[in-house]
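Per-entry structural report
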Amino acid sequence: MTNPAQRLHDILTRSKQKDLQHKQMLVAWRAVLGLPEDIDDLIVMSKIGKVFTLPSIITTHIQRFPDLPADLYLGWRKDLAAAFRAIHFSTMFGEFSNRLSDSLLTTISFCAHELSRRMPEKDVAREDLSAIRESAWSLYEEVLKSDLPPHLAQYLLDHLYLIIEAIDDFEITGAAGLERSLNAVIGAVATDTVTAKQADESQFGKRFWGVMTKIGVLLKLGKTALELGEGVGKFLH
């Protein structure tokens, strides 16, 4: 089961680990989000910011269903807001985690249960996701070192980065975040057709769309990579 409420519940549950309470705030957040110890502090902060967006996303989803009373399903928001306000990057993690009650987590789990029934997200195989991330990053580095015209390099790099970031943020934004990034890439074909066609005809075009079609298949947006690739190809040509 995966949805924004389940992801928030998982993150907060990991946050309650006793061995994290006396760790410095950013050190503990690295552990909670599964980030490398040497990752830049600003990147950690940006990912914490994305965690902050989950309650509003959950609220929007729950409010779509009149039979889910807000006082029963969204009463946890005030307590979580108070816990989030306790996050100061120069303090210990316990200042935040000790404010996470079991009742808060239980109510969020009710939201996760309802959203799994009413708005299920697509299941994604993590090993496939890791392989695609590796391919996207390899291509990103090659484009970065290439002699492509600046506007083409920027086009490819920007869109590859969207996908890489969505994969890296998967524990927070899930399949929905990955699908939004893919939609942005495909949408750019319509809004900047000339550059998209030039990029497609470059030495990196086939591999670029190979990455995108693999994501489409992973998200079950088409039956085969060939089907998705042909759809983009027809639009460009």
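Scroll up to find the structure.
One pass over the full model with this rule turns up 13 salt bridges. In this structure, Asp67 and Arg118 form a salt bridge, with 2.8 Å as the shortest nitrogen-oxygen distance. Of this pair, Asp67 sits in the loop between helix 3 (41-62) and helix 4 (70-73) while Arg118 sits in helix 7 (residues 102-118), and the two are 51 residues apart along the sequence. Taking the relative accessible area as the measure of exposure, Asp67 reaches 48% and is therefore partly exposed. Salt bridges sharing common partners tie together Lys47, Lys50, Glu165 and Asp169.

Let us now look at the environment of Thr60. Inspection of the secondary structure puts Thr60 in helix 3. For Thr60, a relative accessible area of 41% puts it in the partly exposed group. Reaching out from Thr60, the side chain makes a polar contact with the backbone oxygen of Ser56 at a distance of 3.0 Å.

The subject of this paragraph is the packing of helix 9 (residues 150-168) against helix 11 (residues 193-201). Two elements in contact, helix 9 and helix 11, have axes whose closest approach is 10 Å; the angle formed by their N-to-C orientations is 90°. Our classification of the angle between helix 9 and helix 11 gives roughly perpendicular. Taking contact as the criterion, the partners of His151, Leu152, Tyr155 and Leu156 in helix 9 are, on helix 11, Thr195, Ala196, Gln198 and Ala199. Of the residues belonging to the contact of helix 9 with helix 11, the class tally is five nonpolar, three polar and no charged.

As a further point, take helix 7. Within an α-helix, residues lying three or four positions from one another point in the same direction, as the helix has 3.6 residues per turn. End to end, helix 7 covers 25 Å across 17 residues, agreeing with the expected 24 Å (1.5 Å per residue, within 8%). Listed as buried for helix 7 are Leu104, Leu105, Thr107, Ile108, Cys111, Ala112, Glu114 and Leu115. Along its buried surface, helix 7 packs onto helix 1 (4-15), helix 3, helix 4 and helix 5 (77-85).

The rules we used
Residues numbered from 1 in each chain as written. Predicted model: local features only at pLDDT ≥ 70, side-chain atom pairs only at ≥ 80, totals over all residues. Heavy atoms only, no water. Salt bridge = Lys/Arg side-chain N within 4 Å of Asp/Glu carboxyl O. Helix = DSSP H or I, 4+ residues; strand = E, 2+ residues; numbered from the N terminus. Buried < 20%, exposed > 50% of the residue type's maximum accessible area, 1.4 Å probe, protein only. Polar contact = N/O pair within 3.5 Å; in protein donor to acceptor, adjacent residues only side chain to side chain. Axes fitted to C-alpha atoms, helices over the stretch in contact; angles between N-to-C directions. Parallel < 35°, antiparallel > 145°, perpendicular 65-115°, else oblique. Contact = heavy atoms within 4.5 Å. Nonpolar A, V, L, I, M, F, W, Y, C, P; charged D, E, K, R; others polar. Expected span 1.5 Å × (residues − 1).

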